Amino acid sequence: MCAPVAGYVVHSTDEVCGNAVDTGAVAQEVTGPVVPLDSGLLRTSEPAGRLLLAATVLGSGMAFLDGTVANVALPHIGADFHADLAGLQWVVNGYTLTLASLILVGGSLGDRLGRRRVYAWGVGGFAVASVLTALAPTIQLLVLARLLQGVAGALLTPGSLAMLQASFHRDDRMRAIGAWTGTLGIATAGGPVVGGWLVGIDWRIAFWINVPIAAVVLWLLRTAPESRDADAHRGVDLPALVLAPLALAGLSWALTAWPDTGASPPTVAALVIGVCAATAFVIVERHVQFPMVPPSLWRNRDFSIINLVTLMVYGALAGSMFVLAVYLQLSAGWSPLAAGAATVPMSVMMFFLASRFGGVATRYGARGPMLAGGSTLVVAFGSLALAPDHPSYVTQILPGVVLMGLGLSMLVAPLTGTVLAAAPDHLSGLASGINNAVSRTAGLLVIAALPLVVGLSGSDYRVGPVVGHAYRSAMWWCAGLILVGVLLMAVGLQRRASPNRRPDPK
């Protein structure tokens, strides 16, 4: 008897155990010679593997690019709509709120209905929501359109990594993830530069760029292999679908409003609702039949530690990018294009180095590269925190940006590969969704909280010296978050934490 390729659906005629598999058919046990578990999976050296990698990179890159464009555009959006700081925070956090709340649903739907299919839905929906964002006539409708973008992003974001994990041979998975991480540096580099240039003309134009990118991704997906978890349950965790958004919305609303309103009844009520909903979410997930976040996953120490580290790293990264874009334009007086271009060296370094460090993690274990990367990021944020109100790019911004690129190159691919490897193959979509939800939640909460902890509120973001002081304080806070992540890895992560997953014991 030949073992099935667990959970995979083949959408082209393949030879499995010597027998043809019809288009769209679920791989089943058939008679024939025994073949390795990885038989029929893609290799990065093959054209089909490269096309799938291109589709995942471009789709994810569209979402990454949109985030960098939004950060660079914030001062112009504020001027156009006469918005206060809370309004600008919600331009970023509106998107992150729905994305973080629903990303687990997106990962779960991909496991059940087909990862390629759900990914394509997300790409198409993201393009439509981007058009609505570009056409928004008020700050309120702009935030609403960003909320819709987050819904679409929740479908596409976990699907990209889950498709790589499910479709590539085990020996090529870390290489593919590293290439995905590094190639996304193009989007990360292009977002600030292209977005800064377009924002200088009209910030609305910067969101239209998602439409042609989405069209190319959908075209590339035509021949991509489909994969799903054939054993996925069909139940829906309705309590979690309500409690997760309620918890995140309550907490982020309270943190965003607190600098302006203080402990007012509505703000305190939002905080209480958020905390209660978060507590109820944890309790419910331990008792429902089909939990959105299976408690069993958290019994793996590496999975738990890496997600805690993700919370610290991505919170610091999102917070630093938010304040850096505002600081360079409103304190240093740079143009949107110059402010966007300032972070290009970071992206270029990730493009060239991330895949290499992914290979290092595969050969020697992930713990060493991650510890080195986290420590480098602490130094990077400390360096950026020393910049004055009117910095020199070469001596006071560039060194920190370069160190950020080096640290992220060492950290991101091993971190992502390890958290996916800690979960069974048939839960790769859910594992990716959890890790993405953690990273987005981190960004949501840190962007909401940073103005509060550094004393920035109302229209203060228009006053250069005030922004400069708040920026330096924020960078030290971000360095502290990374330091906590480094300590968690040093104490809790196994010595030979590996990004190579063992086959499912099925």
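As the structure is a computational prediction, the values presented were derived from the model and not from experiment. (Residues numbered from 1 in each chain as written. Predicted model: local features only at pLDDT ≥ 70, side-chain atom pairs only at ≥ 80, totals over all residues. Heavy atoms only, no water.)

Caption draft 1: The overall build of the chain, seen in detail. When helices and strands are tallied, the chain shows 16 helices and five strands. Within the chain, the fraction of its 506 residues that count as buried is 58%. Put simply, 83% of the contacts in the chain that link residues at least 6 apart link residues at least 24 apart. (Helix = DSSP H or I, 4+ residues; strand = E, 2+ residues; numbered from the N terminus. Buried < 20%, exposed > 50% of the residue type's maximum accessible area, 1.4 Å probe, protein only. Contact = heavy atoms within 4.5 Å.)

Caption draft 2: Geometry of the packing of aromatic side chains. A full pass over the atoms with the stated rule returns six aromatic pairs. On the numbers, 5.8 Å between centres and 70 degrees between planes, the contact of Phe-81 with Trp-203 is edge-to-face. Taken together, the positions of Phe-81 in helix H1 (residues 47-81) and Trp-203 in the loop between helix H5 (170-201) and helix H6 (205-208) put the pair 122 residues apart, joining distant regions of the chain. Taken together, Phe-81, Trp-203 and Phe-207 form an aromatic cluster joined through their ring pairs. (Phe/Tyr/Trp six-rings, centres within 6.5 Å; stacked < 30°, edge-to-face > 60°.)

Caption draft 3: Highlighting the side chain of Ser-264. In this structure, Ser-264 sits in the loop between helix H8 (238-261) and helix H9 (265-285). Take Ser-264: its relative accessible area is 16%, and that puts it in the buried class. At a separation of 2.9 Å, a polar atom in the side chain of Ser-264 contacts the side chain of Thr-267. (Polar contact = N/O pair within 3.5 Å; in protein donor to acceptor, adjacent residues only side chain to side chain.)

Caption draft 4: Quick peek at the confidence of the model for the chain. Model confidence for the chain is summarised by a mean pLDDT of 77, while 81% of its residues fall at 70 or above. Per-residue pLDDT, averaged within each element of the chain, yields its smallest value for strand E1 (residues 8-10) (30) and its largest for helix H13 (residues 367-384) (93). In the predicted structure, residues 1-39 sits below a pLDDT of 50 and forms 69 contacts with residues beyond four places in sequence or in another chain. Confidence drops under pLDDT 50 across residues 502-506; counting only partners more than four residues distant or on other chains, this segment forms nine contacts. (pLDDT = per-residue confidence, 0-100.)

Caption draft 5: Looking closely at the packing of helix H10 (residues 301-330) against helix H14 (residues 393-421). Close contact between H10 and H14 brings their axes to 11 Å; oriented N to C, the two are set at 150 degrees. By the criterion of interaxial angle, the relationship of H10 to H14 is roughly antiparallel. The handedness of the crossing between H10 and H14 is left-handed. Facing Phe-303, Ile-306, Asn-307, Val-309, Thr-310, Val-313, Tyr-314, Leu-317, Ser-320, Met-321, Tyr-327 and Leu-328 of H10, the residues of H14 in contact are Ile-397, Met-404, Leu-408, Leu-411, Val-412, Leu-415, Thr-418 and Val-419. Taken together, the residues of the contact of H10 with H14 sort by class into 16 nonpolar, four polar and no charged. (Axes fitted to C-alpha atoms, helices over the stretch in contact; angles between N-to-C directions. Parallel < 35°, antiparallel > 145°, perpendicular 65-115°, else oblique. Left-handed = near helix turned anticlockwise from the far one by under 90°. Nonpolar A, V, L, I, M, F, W, Y, C, P; charged D, E, K, R; others polar.)

Caption draft 6: The arrangement of the environment of Tyr-119 in detail. Within the secondary structure, Tyr-119 is located in helix H3 (residues 115-135). Relative accessible area serves as the criterion here: at 0%, Tyr-119 is assigned to the buried category. Each C-alpha atom of the pair Tyr-119 and Met-163 lies 9.0 Å from the other, and the pair is 44 residues apart in sequence. Setting aside its immediate chain neighbours within four residues, Tyr-119 contacts Ala-55, Thr-56, Gly-59, Ser-60, Leu-155, Leu-156, Gly-159, Ser-160, Met-163, Val-217 and Leu-221. Engagement of the side chain of Tyr-119 in a polar contact is seen with the backbone nitrogen of Gly-59, the distance being 3.5 Å.

Caption draft 7: Layout of empty space enclosed by the protein. If you walk through the whole model with that rule in mind, you get five cavities of 30 Å³ or more. In this structure, the second largest cavity occupies an estimated 130 Å³ of space. Lining the second largest cavity are 15 residues; nearest its centre among them are Leu-85, Phe-322, Val-323, Val-326 and Leu-456. Sorting the residues of the lining of the second largest cavity by element identifies helix H2 (85-113), H10, helix H15 (428-454) and helix H16 (464-492) as the ones contributing at least two each. In terms of residue count, the dominant contributor to the lining of the second largest cavity is H10 (four residues). (1 Å grid on protein atoms, 1.4 Å probe; cavity = no way out; pocket = protein on both sides within 12 Å on 5 of 7 lines; lining within 4 Å. Points joined across faces, edges and corners; volume = space filled by probe spheres on them.)

Caption draft 8: Focus on the layout of surface pockets. Here the largest pocket defines a volume of roughly 840 Å³. Contributing to the lining of the largest pocket are 28 residues, with Phe-281, Val-282, Trp-298, Val-438 and Thr-441 lying nearest its centre. Among the secondary structure elements, those contributing two or more residues to the lining of the largest pocket are H2, H8, H9, H10 and H15. Take the lining of the largest pocket: its biggest share by element is seven residues, from H15. Along the lines of polarity and charge, the residues of the lining of the largest pocket split into 22 nonpolar, four polar and two charged.

Caption draft 9: A look at H13. Spanning 18 residues, H13 covers 26 Å between terminal C-alpha atoms, matching the ideal 26 Å at 1.5 Å per step. Along H13, the positions that sit buried rather than exposed are Arg-367, Pro-369, Met-370, Leu-371, Gly-373, Gly-374, Thr-376, Leu-377, Ala-380, Phe-381, Gly-382 and Leu-384. Contacts from the buried residues of H13 go to H10, helix H12 (344-364), H14 and H16. (Expected span 1.5 Å × (residues − 1).)

Caption draft 10: Main features of the environment of Ala-474. One can find Ala-474 in helix H16. Separated by 20 residues in sequence, Ala-474 and Val-454 have C-alpha atoms that sit 6.4 Å apart. Leave out the neighbours within four places in its chain, and Ala-474 touches Val-323, Leu-450 and Val-454.

Caption draft 11: Quick look at the pattern of salt bridges. Tallied over the full model, the rule gives two salt bridges. Among the ionic pairs, Arg-204 bridges to Asp-80, the shortest N-O distance being 3.9 Å. In this pair, Arg-204 is assigned in the loop between H5 and H6 and Asp-80 in helix H1, connecting sequence segments 124 residues apart. Note that Asp-389 and Arg-472 form a salt bridge whose closest N and O atoms lie 2.9 Å from each other. With a gap of 83 residues between them, Asp-389 in the loop between H13 and H14 and Arg-472 in helix H16 connect regions that are remote in the sequence. A relative accessible area of 21% means that Asp-389 is categorised as partly exposed. (Salt bridge = Lys/Arg side-chain N within 4 Å of Asp/Glu carboxyl O.)

Caption draft 12: Focus on the nonpolar core. Judged by nonpolar contacts, the single largest core of 126 residues is most densely connected at Ile-77, Ile-397, Met-404 and Tyr-471. Ranked by the residues each element gives to this core, the list is headed by H10, at 14 residues. In this view, Tyr-471 contacts Val-323, Leu-324, Tyr-327, Leu-384, Ala-387 and Ile-397; residues no more than four positions away in its chain are not counted. (Core = buried A, V, L, I, M, F, W, Y, C linked by side-chain atoms within 4.5 Å.)

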